[in-house]
Amino acid sequence: MQLRWSHTAILVRDMNEMVDFYTKVLGFDVTDRGQFPAPGAEDSEIVFLSQVDTDHHQFAFVDRLRDENPPNSVHHFAFRVNSLDDVKIMDARLAEDGRVESRLPLTHGNAWSIYFNDPEGNGIEIFCDSPWHVQQPQGTIWDKDMPNDQILDETRKGFESNPAFGPIEGYYQTRTKELKDR
Ligand SMILES: [Fe+2]
């Protein structure tokens, strides 16, 4: 199994300034934005940015850097693996190792993820893609103990009413075209 770099989520202080800089100067597109649905964080916004046709986002900015002297501004680093089995294997490896206190299984509809903190508290996400594109942000718990076909079924049922729901290939084809045309 390989962990392949996908994206970084960071906490930002001035969302407008950051999005303006990353889009106008560095050439990113905003691929989605919305209220971050984490409990107790109703007023936080998340903005997703990408300039490739292989990842929905390379950066996620979370509007939550309210402390003047934050210990760090990184929310999490994310790595992609090839399959749901790989996510489950990694989860089992973490459980067996025992140093990680809690592992949060979250699905964004377009992926199945495990979130955890490394021994020094850094946020890490390990995920595999689902077959679908879903408008973001989204997040619900998925059951790691279910068989894979049942997980697929449950996730599809949970997200198929999403207005942007569709095959992931279609989403990336559209992105390829958008990036070529600009
Ligand atoms: Fe992430």
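Model, not experiment: these values are computed from the prediction.

> Where do I start with the packing of helix α2 (residues 84–97) against helix α3 (residues 148–159) in this structure?
Each pair of packed helices gets described by two things: the angle between the helix axes and the distance between those axes. Remark: α2 packs on α3, axes separated minimally by 10 Å, with the N-to-C direction vectors making an angle of 110°. Here α2 is positioned roughly perpendicular relative to α3, judged by the angle of their axes. Where α2 abuts α3, its residues L84, D85 and K88 lie against N148, I151 and L152. Tallied by class, the residues present in the contact of α2 with α3 amount to three nonpolar, one polar and two charged.

> In this structure, what is going on with the coordination of the iron ion? I would like to understand it.
Ideal geometry at a metal centre: 109.5 degrees between donors when four sit tetrahedrally, and 90 or 180 degrees when six sit octahedrally. The iron ion binds to the protein through H7 (NE2), H76 (NE2) and E125 (OE); the donor distances cover 2.0 to 2.2 Å. Of note, the iron ion draws all its donor residues from one chain, in the sequence arrangement H-x68-H-x48-E. One end of the pair, H76, is in strand β5 (residues 74–80); the other, E125, is in strand β8 (residues 123–129), and 49 residues separate them in sequence. A relative accessible area of 8% means that H76 is categorised as buried.

> Sorry if this is basic, but what is going on with the nonpolar core here?
The nonpolar side chains of a soluble globular protein tend to be buried, and buried together. Core analysis: the biggest nonpolar cluster contains 17 residues, and W112, F116 and W142 have the highest contact counts within it. For this core, the elements supplying multiple residues, two or more each, are α2, β7 (111–117) and β8. For this core, the element with the highest residue contribution is α2, accounting for four residues. With residues up to four places along the chain from it excluded, the contact list for W142 reads L84, V87, P105, L106, T107, W112, S113, I114 and I151. The next biggest cluster of nonpolar side chains, apart from the first, holds nine residues, and it includes V12, M15, Y22 and F28.

Cut-offs and rules
Residues numbered from 1 in each chain as written. Predicted model: local features only at pLDDT ≥ 70, side-chain atom pairs only at ≥ 80, totals over all residues. Heavy atoms only, no water. Axes fitted to C-alpha atoms, helices over the stretch in contact; angles between N-to-C directions. Helix = DSSP H or I, 4+ residues; strand = E, 2+ residues; numbered from the N terminus. Parallel < 35°, antiparallel > 145°, perpendicular 65-115°, else oblique. Contact = heavy atoms within 4.5 Å. Nonpolar A, V, L, I, M, F, W, Y, C, P; charged D, E, K, R; others polar. Donors = N, O, S within 2.8 Å, 3.2 Å for Na, K, Ca; no water. Buried < 20%, exposed > 50% of the residue type's maximum accessible area, 1.4 Å probe, protein only. Core = buried A, V, L, I, M, F, W, Y, C linked by side-chain atoms within 4.5 Å.

Function cannot be inferred from these measures alone, as they are strictly geometric.
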